[in-house]
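# Survey of secondary and tertiary structure
What follows is the residue order along each chain.
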Amino acid sequence: DAAFAIHFSHAYEEDGKVIAHFSGWPPNDSESFLGAWGGTAPEFERIPPTFLWRLEVDLKEKKSELRVAKGSKDVCGEHLKVHPEFQTKKCTNLFVVSSNLIGDSSPPCGYSRLMIEDDGADERDVESYWWGTRFFCGEPIIAPKAGEVRGEDDGYLLGMVHDAEKDGAFLAVFDLARELSEGPVCEIECPFAIPHGLHGSWGGEGEESSSF
C-alpha cells in the first residue's frame, strides 16, 4: 500500500521477514512536499494526523504488508525513537513526541511510550506525560546509561521543552526504568530562551560532560 514515510525508528529481521517501523501519512492530494506543514507556521486544521506504521516484508514470498503499529491507533505522534542499542533488534518500547491521544493534529506537547509488540496494547491506555498548555516539546533523544546496556530500560529519554508563557526552555530527563507518566527525574533550565524546534542529537564527551 502507498504511504509517505517521514521518520524511521528501527528495523529487524525475524522468520524470513524484515519488519520496520516509521511515521508518515496516507496518500493525499497535497501539491507540496510538506503540505500544510510549510509556510510561516503549521496550519493544524489542515494537517492530516501522522500515522505510525509497521511494515513487514516477506523476503521469500516477495510480499509486503503495511498497517498501523500496535498500540498507536489513536496517537498523533512523531519523531519516533527506540533505545539506540535496539535500532536493528526487536524491541518493545517506542517513544514519540505526541500531540494528543485522540488522533487529531495539534502542536506537540508531551511524550508517549508505545508498546509496539504487545498484541493487547490497543486495548489499554497509552503511557504519556504532558506539561499542559503553552508547553511545546521537541524530538526526544534516548541516551544510554553509563556501563553495560542490558535492556531497553538502561537509558534516559531527553527532550527540549519550550515554555511559551515564560519564553524559556528546559531539558527534561526521563529515566526509562520508571513509568513515563511519573514525569521527568529532573528539568534543567536553560539560561536563555530556545525556540521550539524539531530535531536534536546526543553526544557523549567524556565521563563528566555530554551534549544534547
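Residues numbered from 1 in each chain as written. Predicted model: local features only at pLDDT ≥ 70, side-chain atom pairs only at ≥ 80, totals over all residues. Heavy atoms only, no water.

### Here we look at the overall build of the chain
Within the chain, the secondary structure is distributed over zero helices and 15 strands. The buried share of the chain, reckoned over its 212 residues, is 42%. Of the contacts formed within the chain by residues at least 6 apart in sequence, a portion of 55% connects residues at least 24 apart. Of the roughly 11,900 Å² of accessible surface on the chain, a fraction of 50% belongs to carbon and sulfur atoms. (Helix = DSSP H or I, 4+ residues; strand = E, 2+ residues; numbered from the N terminus. Buried < 20%, exposed > 50% of the residue type's maximum accessible area, 1.4 Å probe, protein only. Contact = heavy atoms within 4.5 Å. Areas by Shrake-Rupley, 256 points an atom, 1.4 Å probe, with all protein chains shown as cover.)

### Description of the environment of K89
Tracing the chain through its elements places K89 in the loop between β5 (76–81) and β6 (93–100). Sequence separation between K89 and A11 is 78 residues; the distance between their C-alpha atoms is 6.7 Å. In contact with K89, other than residues within four places in its own chain, are H10, A11 and Y12. Polar side-chain contacts of K89 include one of 3.4 Å to the backbone oxygen of E85. (Polar contact = N/O pair within 3.5 Å; in protein donor to acceptor, adjacent residues only side chain to side chain.)

### A word on the pattern of salt bridges
According to the stated counting rule, one finds 14 salt bridges in the structure shown. The salt bridge involving D118 is made with R124; its shortest N-O contact spans 2.2 Å. D118 gets classed as partly exposed once you look at its relative accessible area, which sits at 25%. One network of salt bridges, in which partners are shared, links K17, R54, E56, E65, R67 and E117. (Salt bridge = Lys/Arg side-chain N within 4 Å of Asp/Glu carboxyl O.)

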